[in-house]
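Here is how the chains run, residue by residue.
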Amino acid sequence: ETDPKWWKEAVVYQIYPASFKDSNNDGWGDIKGIDSKLEYIKELGANVIWICPFYDSPQEDMGYDIADYEKVWARYGTNDDLFNLINRAHGLGIKILVDLVINHCSSEHAWFKEARSSLDNPKRNWFIWKAPKGFDSTGKPIPPNNWRSFFGGSAWQYDESTGEFYLRLFAKGQPDFNWENDETRNAIYESAVGFWLDHGVDGFRIDTAGLYSKQPGFPDVPIINPGLDFQNADPGSLNGPRIHEFHKEMNKFMRDRVKDGRELLNVGEIPYGTDDIYKSYTSAEENEVTQLFNFDHVTVGRKPGNIGVTDFKLSEFKDGVAAAFQFINKTDSWSTIYIENHDQPRSVTRFGDDSPEYRQISAKLLSMLETSLTGTLYVYQGQELGMINFKDWPIEKYEDVEVKGMYKMMVDEFGADSDQVKEYVNGLQLISRDHARTPFPWTSEPPFAGFTNAKEPWFSLTETFQQGINAEDELKDPNSVFHFWKKAIQVRKAHKDVLNYGYDFTFVDHDNEKLFAFTKKYGEKLLYVVLNFSREETEFNFLEGHETHEYIFGNYPEAEVDTSSSKLKPWEGRYYFAN
Ligand code: ISL
């Protein structure tokens, strides 16, 4: 039986508000800009939008540092703009997810300003404070443990005025909340969750949802990057002892708060787990989150500690893809299907082929991979155009706080001319978060592609635009990546039993380093997907013991495909039903 829960077959379109559409020509995208493009999103076939943080913020981490959960950042518009967007979207049959960033807030949030004002402030304990471990020979305070920030250096920030460190797993302006404190949790739920539920949102993308419960005693973590002063803090902060209790409590708050009984889609960002851990968060019976994003596929080819890239084989990518959703097989859990977001590079560059010759066909192949897998489908803005990474940027052009912090750490600790630093900078061409964050190209019009008429957009447009990739041209061209995505989403809907809900995903010829082939079942139906991840003609085998292979869909024009031949053209993909 297919499941009637709306969020299982939703197609979610992720919007990065700074870079989507600028309606008032100040160089930043905004809420009214999103409003003006709802029809475009609907045309693609998406029925949900997830909007990355649009809240009041000093923007140290592009809005993931929130100063007021109940207020839209002035550059993005007003609360009324957002309420209007919710209404108009609902009128078009589009649901809205907002980002819930509650592991930390901004150091500019009123709660933190109070907390840091004195040692005995009533909100002091809303955050995590520790005395220095001691002082070094120059008199500098030594952090309480060896945890590293995701953005480089110690995860502890010294606060001169009170003589203590506060924990911040991310940027200096992102103090971690103390989730052990009941009062803090309730204030978070009320402000960050309740306010938006009251205004009609349909769910949340829950940021860093595995990090709230820290290991008691804040022990040192193991050394995975010898030579660096601080180490990946996940063992001290990810999936901690009270994490499931916290999620159950928050989920109950949500269900109690929703007055009209609407069902919410809550997707937690919960990477680096085992199947059992993923299941424990997503099991329907447990009432925590309805689905999660893990990183098993998108982190293939990355060094531990995120300090560079390595070569990887297609078979490793295949294993990552399977790990991203296979844990739900025949359970009451559910997962997501995504390959891009605002923290990931462009998938065509990373996993396809972004040369002018193969860009479009490989983008279409990646679309076929996504639309054939079981889970809720997510498309990141620009993915539907086949956008690509920028090339050969000097380190100075990067905007991302992660790049700046990690680069500084590596230079300080390894030396500017070290191989490690060179490797890190080269790796950024492939994996930096900035690749996904450049302004969206709406038209072919210079200088800023219909994104803005300001003198300068907040962030540079890129090769994507130089190569003529833009929405207007793609909408006109029936063979564009956009129209292929649209078609692939329709095919997914037409055969939703096996495509959206199929089970028993099984690799065929797993160790083949050019071919990504698998089967999936639904009742009597057997889907066979063959994807050529290479520029070379590649052979697959029809399945033994089946009389016919019925061709369903592919990324080459049907007139050019000999569906009975087992040879695939460069980056060709096909779906068959094996009967
Ligand atoms: O993006 C990463 C590596 O390149 C991750 O380490 C990322 O920082 C982590 O997945 C958490 O991401 C989320 O929270 C961050 C924010 O910077 C990200 O944009 C967000 O998706 C802090 O709020």
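Details of the structure are given in the entry above.
Here we summarise the structure given alongside this text. (Residues numbered from 1 in each chain as written. Predicted model: local features only at pLDDT ≥ 70, side-chain atom pairs only at ≥ 80, totals over all residues. Heavy atoms only, no water.)

On to the packing of aromatic side chains. Scanning the entire structure with this criterion turns up 64 aromatic pairs. By way of ring pairs, the aromatic residues Phe312, Phe317, Phe325, Phe351, Phe505, Phe507, Phe516, Phe518, Phe533 and Trp571 are connected into one cluster. Here Lys37 stacks its cationic end above the ring of Trp442, 4.1 Å away from the centre of that ring. A cation over an aromatic ring shows up here: Lys569 above the ring of Tyr556, its NZ or CZ 5.5 Å from the ring centre. (Phe/Tyr/Trp six-rings, centres within 6.5 Å; stacked < 30°, edge-to-face > 60°. Lys NZ or Arg CZ within 6 Å of the ring centre and 35° of its normal.)

Moving on, we get to the side chain of Asp65. When you line up the elements, Asp65 lands in the loop between β3 (55–56) and β4 (68–72). Only 3.2 Å separates the side chain of Asp65 from the backbone nitrogen of Gln59, close enough to count as a polar contact. Beyond its immediate stretch of four places on either side in the chain, Asp65 contacts Asp56, Ser57, Pro58, Gln59, Glu60, Ser106, Gly173 and Gln174. (Helix = DSSP H or I, 4+ residues; strand = E, 2+ residues; numbered from the N terminus. Polar contact = N/O pair within 3.5 Å; in protein donor to acceptor, adjacent residues only side chain to side chain. Contact = heavy atoms within 4.5 Å.)

On to the site of the ligand. By nearness alone, 18 residues border the ligand, and Asp61, Asp207, Glu269, His342 and Asp343 come closest of all. Measuring from an oxygen atom of the ligand, one finds a side-chain N or O atom of Arg205 at 3.0 Å. A distance of 3.1 Å separates an oxygen atom of the ligand from a polar side-chain atom of Arg433. Of the residues assigned to the shell around the ligand, the class counts are 5 nonpolar, 5 polar and 8 charged. (Near = heavy atom within 4 Å. Nonpolar A, V, L, I, M, F, W, Y, C, P; charged D, E, K, R; others polar.)

For strand β1 (residues 11–15), a buried count of 5 out of 5 residues is recorded, marking the element as mostly surrounded by other parts of the structure. Side chains of β1 alternate between two faces, with Val11, Tyr13 and Ile15 and Val12 and Gln14 buried alike. Relative to strand β17 (residues 376–380), β1 runs parallel, the two sharing 4 bridges. The partner of Tyr13 across the bridge, within β17, is Val379. By the bridge criterion, 4 bridges tie β1 to strand β2 (residues 48–51) in an arrangement that is parallel. Looking at β2, one finds that Val12 is bridged to Val48. (Buried < 20%, exposed > 50% of the residue type's maximum accessible area, 1.4 Å probe, protein only. Pairing = 2+ DSSP bridges.)

This part takes up the packing of helix α5 (residues 182–198) against helix α7 (residues 243–257). Taken N-terminus to C-terminus, the directions of α5 and α7 make an angle of 40°; their axes are 10 Å apart at the nearest point. If you check the angle between α5 and α7, you find them oblique. For the crossing formed where α5 meets α7, the hand is right-handed. Along its contact with α5, which presents Arg185, Tyr189, Glu190, Val193, Gly194, Phe195, Leu197 and Asp198, the element α7 presents Phe246, Glu249, Met250, Phe253, Met254 and Arg257. In the contact of α5 with α7, the residues fall into 8 nonpolar, 1 polar and 5 charged. (Axes fitted to C-alpha atoms, helices over the stretch in contact; angles between N-to-C directions. Parallel < 35°, antiparallel > 145°, perpendicular 65-115°, else oblique. Left-handed = near helix turned anticlockwise from the far one by under 90°.)

Right, let's get into the packing of helix α12 (residues 401–414) against helix α13 (residues 419–431). Contact geometry for α12 and α13: axes closest at 9 Å, N-to-C directions at 165°. Relative to α13, α12 is oriented roughly antiparallel. Viewed along their axes, α12 and α13 form a crossing whose handedness is left-handed. In this structure, α12 contributes Glu402, Val403, Met406, Tyr407, Met410, Val411 and Phe414 to the contact, and α13 contributes Gln420, Val421, Tyr424, Val425 and Leu428. In terms of residue class, the contact of α12 with α13 is built from 10 nonpolar, 1 polar and 1 charged.

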